[in-house]
Amino acid sequence: WMVLASLKTSLQITNPQEILSSGFTLENYHRVFAEQNFLPFIVNSGIVGISSTLISLLLGAPAAYSIARTGMRRSAAIILLARIIPGVSLLVPWYFLFSRMGLVGGYGVLILSHMFISLPLIVWILISFFEGIPEELEESAQIDGLTPIGAFLRIVLPLSAPGLATSGILAFIFSWNNFLFALVLSAQETRTLPVAIYNFVAYASIDWGGLMAASVLITIPVTVIGLLFQRHIVSGLTAGATKG
């Protein structure tokens, strides 16, 4: 319905008899790119999503490995607690803190806030993967001359590639769709796609055609990622669910 409505005028969208008519128009998409200039918002979402995911993987993989090998269940529970806490409860202190630091409106504060979502997710997915990798493989690698860090980089990480791919894809999707943090902490120059949809909502009216066209554009990347990597996501999640 969203795709069909994006190809209709606002008058046709509000008329149930017209929504299934044969007439189509690309005016809504023209308005999205030409009048609202959505391309910078797409770039902003890509920068924030990719950066937060890569940094979270860089920090989350060693953290998950340490928890899995040392059995730090209390630390794992604290990380899970950070994932459960509602993000809205942190917005006021975050805004106060980041405004004092002069960071509100920049990419850095958006990346940090999105890492609050992606980092616990990545850690919890990777813990099960690292627990399923036999420690004997690392011991054999160390006997052959590798350091513990070298065994982690050359043995453990390649074997946990499905987990890295799974957690990275899911973290990127959650970051791409995040609305609340970007609404409060972004500026006009760093606004992401979910926030930019508000450009079609006015005080007295809503541009339903432009709104639907913008929603289609937001949905396309995550839909394509899900279709292309669904096999890897499913196999990654099931592989991390068992040991041995």
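Residues numbered from 1 in each chain as written. Predicted model: local features only at pLDDT ≥ 70, side-chain atom pairs only at ≥ 80, totals over all residues. Heavy atoms only, no water.

**Concerning unusual backbone geometry**
Quick reminder of the rule: Strands here mean DSSP runs of E at least two residues long; helices mean DSSP runs of H or I at least four residues long; both are numbered from the N terminus.
With a phi angle near 50°, Asn-37 is a residue other than glycine that sits in the positive phi range. Along the chain, Asn-37 turns up in the loop between helix H3 (27-35) and helix H4 (39-70).

**Here's the deal with the pattern of salt bridges**
Just so we agree on the cut-off: What counts as a salt bridge is simple: a side-chain nitrogen of Lys or Arg found within 4 Å of a carboxyl oxygen of Asp or Glu. Note on exposure labels: buried denotes an accessible area under 20% of the residue type's maximum, exposed denotes more than 50%, and partly exposed covers the range between, all computed with a 1.4 Å probe on protein chains only.
According to the stated counting rule, one finds two salt bridges in the structure shown. The salt bridge partner of Arg-31 is Asp-207, with a shortest N-O separation of 2.9 Å. Of this pair, Arg-31 sits in helix H3 while Asp-207 sits in the loop between helix H12 (193-196) and helix H13 (208-239), and the two are 176 residues apart along the sequence. In this structure Arg-31 comes out as buried when scored by relative accessible area, which is 15%. Glu-138 is the partner of Arg-69 in a salt bridge, and the nearest nitrogen-oxygen pair spans 2.5 Å. Within this pair, whereas Arg-69 is found in helix H4, its partner Glu-138 is found in helix H8 (residues 135-143), the two being separated by 69 residues in sequence. What makes Glu-138 buried here is its relative accessible area of 5%.

**What about the environment of Gly-132?**
Summarising the element assignment, Gly-132 is placed in the loop between helix H7 (107-131) and H8. Placed 64 residues apart in sequence, Gly-132 and Ala-68 show a C-alpha to C-alpha distance of 9.2 Å.

**Some words on the packing of aromatic side chains**
The line we're drawing: Note on aromatic contacts: the rings of Phe and Tyr and the six-membered ring of Trp form a pair at centre separations within 6.5 Å, being stacked when their planes are under 30 degrees apart, edge-to-face when over 60 apart, and tilted otherwise. For a lysine, the NZ atom is tested; for an arginine, the CZ atom; a charge sits over a ring if that atom is within 6 Å of the ring centre and within 35 degrees of the ring normal.
Scanning the model with the defined rule gives 10 aromatic pairs in all. Between Phe-38 and Phe-41 the ring centres are 5.3 Å apart and the planes differ by 90°, which places this aromatic pair in the edge-to-face class. The residues Phe-38 and Phe-41 share a single accessibility class, namely buried. Judged by centre distance (5.4 Å) and plane angle (90°), the ring pair of Trp-94 and Phe-116 falls under edge-to-face. Taken as a pair, Trp-94 in helix H6 (residues 88-100) and Phe-116 in helix H7 lie far apart in primary sequence, 22 residues in all. The side chain of Lys-8 reaches across the aromatic face of Phe-24, ending 4.3 Å from its centre.

**A look at the side chain of Arg-31**
Operational definition: Counting of polar contacts relies on pairs of N or O atoms within 3.5 Å, with two restrictions inside protein: one atom must be capable of donating a hydrogen and the other of accepting it, and residues adjacent in sequence are counted only when both atoms are side-chain atoms. Only heavy atoms matter for contacts: two residues are in contact if any of them lie within 4.5 Å across the pair.
Looking at Arg-31, its side chain comes within polar contact range of the side chain of Asn-28, at 2.7 Å. Non-local contacts of Arg-31, meaning those with residues more than four positions away in its chain, are made with Gln-36, Asp-207, Gly-209 and Gly-210.

**Side note on the environment of Pro-62**
By secondary structure assignment, the location of Pro-62 is in helix H4. Between the C-alpha atom of Pro-62 and that of Phe-152, which follows or precedes it by 90 residues, the distance is 8.7 Å. Residues contacting Pro-62, with those up to four places away along its chain left out, are Leu-57 and Phe-152.

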